[in-house]
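# Observations on the model geometry
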Amino acid sequence: MARVAGPGSGRLILAIETSCDDTCAAVVDGPRVLSNVISSQAALHERFGGVVPEVAARHHVEIVNGVVRAALDDAGAGLEDVDSIAVTRRPGLIGALLIGLSTAKGLAAAGRRPLAGVDHLHGHVAANFLEPDPLEPPFLCLIASGGHTLLAAVRSHDGFETLGQTLDDAAGEALDKASRLLGLGYPGGPAIERCAADGNPGAFDFPLAMTRDPGLDFSFSGLKTALVYAVAELPDSELGARRADLAASFQAAVVGQLTAKLERALATGDWRAVALGGGVAANALLREHVAEICDRHGVALKLVARELCTDNAAMIGSAARFLDPAPYPEYLSWDASSG
Ligand code: KG4
Ligand code: ZN
């Protein structure tokens, strides 16, 4: 097949991401996304109220080749056109990661292509390097996903420094657990967001944990416990009527903590730009509040499209652009890492 025409780096990267419950493959050409295929397993995990690692890994095995094929087709490229391959190597569910890594190794070895092993969180940061309007470092990046919550100082394209992170649950994990408790389904973030639209965010006084603490770390487990107590104190007959208020108040507390820490980081540094990453960055309330903070501080805000916030492989290809891939056959001995 002919190489894709048009401006770009002239170097095609095929990227694969299977760290959790989305099977993803993408082709990027410099900052241009030529294809970005995401096959969500959410429906498979919904009845369990969360991701079941073994189910995720088995489903990745079944569909990863088809997802890679679709990404190449959408990009109008063949495997022979790809210059290098990129894959998420850590962190994530170990069985799920191994499927992506084995697939990437196999494809790279068959074509004698180099392979880049990418840190998933670097991927979330690197979503901001993609078109349209690629963001240039330095910037402050708030990453909030199902597995992580952290403030990253991004001073170069090839990595970041963690300024603060969650001491217990991640923001997305808290939303997922709250959603389960309220009977709203999985994934929890979007379900809570929909339900909260009809509720009063001031109805329940949930704690804004860590906001009096001088550091930049986060904590969401106390908030989760506060919701458990609030629900337990309600008579069963009232839960239905108060669900939207609970969802709205919980969402406001999660967003309140995230934005309080972001604002503190802004006040103590000399940042000109802010970016968001991770699935929770798709949340409209968070986006709105961060925009208001950036406005107030006279700082530029970069918001990527929602499908680049949640897990995808284009962000992995974007991160790989700035890493040295390992040549064949060096990567054949690579392991994945859950941590
Ligand atoms: O980045 P991501 O897709 O996967 C991980 O790396 O974990 O993030 C998934 C998390 C889930 O907890 C999900 O509930 C949350 O992001 N999420 C949202 C929204 N969309 C996804 N949270 C709040 N509002 C949303 N619209
Ligand atoms: Zn993620």
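For the structure, check the block above.
Residues numbered from 1 in each chain as written. Chains lettered and ligands numbered in written order. Predicted model: local features only at pLDDT ≥ 70, side-chain atom pairs only at ≥ 80, totals over all residues. Heavy atoms only, no water.

## Considerations on the layout of surface pockets
A water-sized probe, rolled over the atoms, reveals where empty space remains. For the record, the criterion: Cavities and pockets are found on a 1 Å grid laid over the protein atoms alone: a cavity is a set of points where a 1.4 Å probe fits but cannot escape, a pocket is an open set with protein on both sides within 12 Å along at least five of seven lines, and a lining residue has an atom within 4 Å of such a point. Grid points are joined across faces, edges and corners, and a volume is the space filled by probe spheres set on the points. The numbering of helices and of strands both runs from the N terminus, where a helix is a DSSP run of H or I of at least 4 residues and a strand a run of E of at least 2. Throughout, the ten residues Ala, Val, Leu, Ile, Met, Phe, Trp, Tyr, Cys and Pro are labelled nonpolar, Asp, Glu, Lys and Arg are labelled charged, and all others, Gly among them, are labelled polar.
In this model, the largest pocket occupies a volume close to 1,100 Å³. Around the largest pocket sit 38 residues that line it, and Cys-20, Ser-145, Gly-146, Asp-176 and Tyr-186 are the ones nearest its centre. For the lining of the largest pocket, the secondary structure elements donating two or more residues are strand 3 (32-40), helix 4 (120-126), helix 5 (171-181) and helix 6 (188-196). Sorting elements by how many residues they give to the lining of the largest pocket places helix 5 first, with six residues. In terms of residue class, the lining of the largest pocket is built from twelve nonpolar, 17 polar and nine charged.

## With respect to the sheet that holds strand 5 (residues 115-119)
Selection rule: In this analysis, strands are considered paired if DSSP registers two or more bridges between them. Angles here are taken between N-to-C directions and fall from 0 to 180 degrees, while the axes themselves are lines fitted to C-alpha atoms, restricted in helices to the stretch in contact. In what follows, a contact means two residues having at least one pair of non-hydrogen atoms within 4.5 Å.
The strand order 3-2-1-4-5 describes an open sheet built from five strands, whose pairing is mixed. Two strands in the sheet have a free side with no partner beyond their single neighbour: strand 3 and strand 5. The average undirected angle you get between the axes of adjacent strands in this sheet is 20 degrees. Bridging between strand 1 (residues 12-17) and strand 2 (residues 22-29) involves six bridges; their strand directions are antiparallel. Bridge pairing in strand 2 places Glu-17 opposite Cys-24. Packing against the sheet, helix 2 (residues 53-75) makes contact with strand 1, strand 2 and strand 3, and its axis sits at approximately 25 degrees to strand 2. Contacts from helix 3 (residues 94-110) reach strand 1, strand 4 (84-90) and strand 5 within the one sheet, and its direction differs from that of strand 4 by about 160 degrees.

## Regarding the packing of helix 6 against helix 8 (residues 236-268)
Short version of the rule: What sets the label is the angle itself: under 35 degrees gives roughly parallel, over 145 gives roughly antiparallel, 65 to 115 gives roughly perpendicular, and the rest give oblique. A crossing counts as left-handed when the near helix is turned anticlockwise from the far one by less than a right angle, and as right-handed when that turn is clockwise.
With their axes 8 Å apart at the nearest point, helix 6 and helix 8 run at an angle of 120 degrees to one another. If you check the angle between helix 6 and helix 8, you find them oblique. For helix 6 against helix 8, the interelement crossing comes out left-handed. Contacts from Ile-192, Glu-193, Cys-195 and Ala-196 of helix 6 reach helix 8 at Arg-243, Ala-244, Ala-247, Ala-248 and Gln-251.

## Re the sheet that holds strand 8 (residues 159-165)
One open sheet accounts for five strands, arranged 8-7-6-9-10; its pairing is mixed. On the outer flanks of this sheet lie strand 8 and strand 10 (300-302), each paired with one strand and no other. Taken pair by pair, the neighbouring strands of this sheet meet at an average axis angle of 25 degrees, ignoring direction. Relative to strand 7 (residues 149-156), strand 6 (residues 139-144) runs antiparallel, the two being bridged by six bridges. Each residue of the ladder has a partner; that of Ile-143, found in strand 7, is Leu-150.

## Concerning the pattern of salt bridges
It is possible for side chains bearing opposite charge to pair when their charged atoms get close. Our working rule: In what follows, salt bridge is the name for a side-chain nitrogen of Lys or Arg lying within 4 Å of a carboxyl oxygen of Asp or Glu. The rule is simple: take the accessible area with a 1.4 Å probe, protein chains only, and divide by the maximum for that residue type; under 20% is buried, over 50% is exposed, in between is partly exposed.
Throughout the structure, instances matching the rule amount to ten salt bridges. Residue Arg-58 pairs with Glu-54 through a salt bridge whose shortest N-O separation is 2.7 Å. Of this pair, Arg-58 and Glu-54 both sit in helix 2, four residues apart, which is roughly one turn of the helix. Among the residues examined, Arg-58 registers a relative accessible area of 54% and is labelled exposed.

## Overview of the environment of Leu-140
Position of Leu-140 relative to the elements: it lies in strand 6. Classification of Leu-140 as buried rests on a relative accessible area of 0%. Measuring from C-alpha to C-alpha, the distance between Leu-140 and Arg-272 comes to 8.3 Å, with 132 residues separating the pair along the chain. Ignoring anything within four residues of it in the chain, the contact list for Leu-140 reads Leu-151, Ala-152, Leu-163, Leu-262, Ala-265, Leu-266, Trp-271, Ala-273, Val-274 and Ala-275.

## Side note on the coordination of the zinc ion (ligand 2)
Our working rule: Only nitrogen, oxygen and sulfur atoms count as donors, using a 2.8 Å cut-off from the metal that widens to 3.2 Å for Na, K and Ca. Water is left out, so coordination shells may look unfilled.
Coordination of the zinc ion (ligand 2) by the protein comes from His-120 (NE2), His-124 (NE2) and Asp-311 (OD), over a distance range of 2.0 to 2.1 Å. Taken in sequence order, the residues that donate to the zinc ion (ligand 2) follow the motif H-x3-H-x186-D. Here the residue His-120 occupies a position in helix 4, and Asp-311 occupies one in the loop between helix 10 (306-309) and helix 11 (314-320), the gap between them amounting to 191 residues. Owing to a relative accessible area of 6%, His-120 belongs among the buried residues under this scheme. Under the relative-accessibility criterion, Asp-311 is labelled buried at 13%.

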